[in-house]
Amino acid sequence: MTEQETHEAVGRWLSLVAADAELSPYLIGVDRDRLTEQVARALTTNTDLPYLGWSEAEQRRAESYLRRRSFWEEVEDRCPGLLPERDAPLIEATVRRLTDRPDRPEKLALLGVLGRAYRRFGLRPEHQTVIDDTLRTTVPWQEVEWAATRAGDGPAWWPVEVLDHDLAYDGVAVITVRPWRRLPYRPGQAVPVCTPGRPGRWRWLCPANAPRPDGTVELHVRAVCGGAVSTSLVHQVRPKELLYLGPPTDTGLSLHDGDLLLIAGGTGLAPLRAIVEQVAAAPDGRQVTLIAGSRDVASLHDAITLDKLQQAHDWLTVVPAFSHDPLAEPGERGDALTVALDHLRGEQQVYVCGPPAMLAGSRLRLLAVGVPGERIHLPDRIPWR
């Protein structure tokens, strides 16, 4: 085996282990460079893999990932030309993750990506059998086919380069990426995001900007406890690295006619800021009020950009809302929704986006103060977290 073949085999092994729900926790905190060297040595000398604390059964499964032929090689033998070699590892990792019983938000992201892949590569029943046999598992193809009917045409994912990574404050990062080809999204939509360090795992994020001439996309990410992708994005990803964005999906936050009252909590600010930029690109006389909620001044992660937007547009009013800051001005003290009710005027379209606890009772509170249901817009077309 040549050095290049060994390098590719070790990279494939790391991807498969990282995509395995039972094995991936053993990679947390491990020195990847040292592990890569140890696995390469095990492969070239036909010795055991380094012990990472897993059980005998898990050790055998990890070894099976290293010794067997690649997913693409096995599929290529039976269905030549079906899958491009460069795309096969991500397809394999995503399919494996789907069979690991992910939670519903992640499952919908996986189906969105696989539905596009299903259409793009023209998968048929005979291909499904080959993939099932190769992976030695049963893929829920009916659900993938359902997703394919809704996915439309286009790429299954967009490779993007990380241009900038700013740790806004502990646990929240602002990441700017540039797709290799333009991502066709609308403000308020969400896209699945995957990191090479966690192949096959996808998490929903909303772009924080309207489409730009240079095609760059800004993502606001909070590290969620137990969230492999969000933790990786906040604490591990660096400029010049590669990420993947899946096909954009409507969330229920598209722009409607009339004045707007936008109520954001934490990183839920992202899609609402994108809507503000959409209005700024074609001002039409509407008034927009944006309530930006956070615990305190230090955790208002996008304050500079919001201030620039307000200075540039006289139709925009930005009001911070601090839920845990006793030094805040009276009109800025309280949770975002409570502060927002003081700015409710006329026939505004009201948008709310934030953490689950914020969303849970927001519709009822708005209905209780007289906002008609058709003018209340929440990210309710995909589960939000």
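That block above? That's the structure.
Residues numbered from 1 in each chain as written. Predicted model: local features only at pLDDT ≥ 70, side-chain atom pairs only at ≥ 80, totals over all residues. Heavy atoms only, no water.

S.K.: Tell me what's going on with the packing of aromatic side chains, and back it up with residues and numbers.
M.R.: Per the stated rule, a full pass over the model turns up three aromatic pairs. Ring centres of Y118 and W141 lie 6.4 Å apart, and the angle between their planes is 50°; this geometry places the pair in the tilted category. With Y118 in helix α6 (residues 104-120) and W141 in helix α8 (residues 141-151), this pair connects stretches of sequence that are 23 residues apart. There is no split in this pair, since Y118 and W141 are both buried. Between the aromatic rings of W157 and Y244, the centroid separation amounts to 6.4 Å while the plane-to-plane angle is 75°, which identifies the pairing as edge-to-face. Placement of W157 in the loop between α8 and β1 (158-169) and of Y244 in strand β6 (residues 242-245) is noted, with a sequence separation of 87 residues between them. The exposure classification of W157 matches that of Y244, with both residues buried. (Phe/Tyr/Trp six-rings, centres within 6.5 Å; stacked < 30°, edge-to-face > 60°. Helix = DSSP H or I, 4+ residues; strand = E, 2+ residues; numbered from the N terminus. Buried < 20%, exposed > 50% of the residue type's maximum accessible area, 1.4 Å probe, protein only.)

S.K.: Tell me about the nonpolar core, residues and numbers included.
M.R.: Counting residues in each nonpolar core, the largest one holds 35 residues, and the members touching the most others are F71, L83, L123, W141, V144, W157 and W202. Listed by contribution, the elements that provide at least two residues to this core are α4 (71-78), α5 (88-98), α6, α7 (125-135) and α8. Broken down by element, the residue count for this core peaks at seven residues, all from α6. Contacts of L123, omitting those with residues within four sequence positions, involve L82, Y118, I131 and W141. A264, L300, F322 and C353 belong to the second-largest nonpolar core, a separate cluster that totals 22 residues. (Core = buried A, V, L, I, M, F, W, Y, C linked by side-chain atoms within 4.5 Å. Contact = heavy atoms within 4.5 Å.)

S.K.: Pulling in residues and values, what's your account of a negative patch on the surface?
M.R.: Side chains of E5, E8, E73 and E85 sit close together on the surface and give a patch of like negative charge. Position of E73 relative to the elements: it lies in helix α4. (Patch = residues over 30% accessible without salt bridge, like charges linked within 9 Å, V, L, I, M, F, W, Y side chains within 5 Å. Areas by Shrake-Rupley, 256 points an atom, 1.4 Å probe, with all protein chains shown as cover. Salt bridge = Lys/Arg side-chain N within 4 Å of Asp/Glu carboxyl O. Lys, Arg positive; Asp, Glu negative; His and termini not counted. Charge placed at Lys NZ, Arg CZ, Asp CG, Glu CD.)

S.K.: Can you lay out the sheet that holds strand β11 (residues 376-377) for me, pointing to particular residues and giving the numbers?
M.R.: Within a sheet, adjacent strands bond to each other through the backbone by hydrogen bonds, running parallel or antiparallel. The parallel open sheet is built from five strands, whose spatial order is β9-β8-β7-β10-β11. This sheet does not close on itself; its edge strands, each paired only once, are β9 (316-322) and β11. Judged from the two bridges that link them, strand β10 (residues 349-353) and β11 form a sheet pairing that is parallel. From the neighbouring strand, V350 faces β11, where its bridge partner is I376. This element, helix α10 (residues 269-281), spans β7 (260-265), β8 (288-294), β9 and β10 of the sheet and lies at about 150° to β7. This element, helix α11 (residues 303-312), spans β8 and β9 of the sheet and lies at about 150° to β9. (Pairing = 2+ DSSP bridges. Axes fitted to C-alpha atoms, helices over the stretch in contact; angles between N-to-C directions.)

S.K.: Could you give an account of the side chain of H377, naming the residues involved and the relevant values?
M.R.: By the secondary structure assignment, H377 is in strand β11. The buried category is assigned to H377, whose relative accessible area is 6%. A polar atom in the side chain of H377 sits 2.7 Å from the side chain of Q349. (Polar contact = N/O pair within 3.5 Å; in protein donor to acceptor, adjacent residues only side chain to side chain.)

Worth remembering: the numbers are spatial, not functional.
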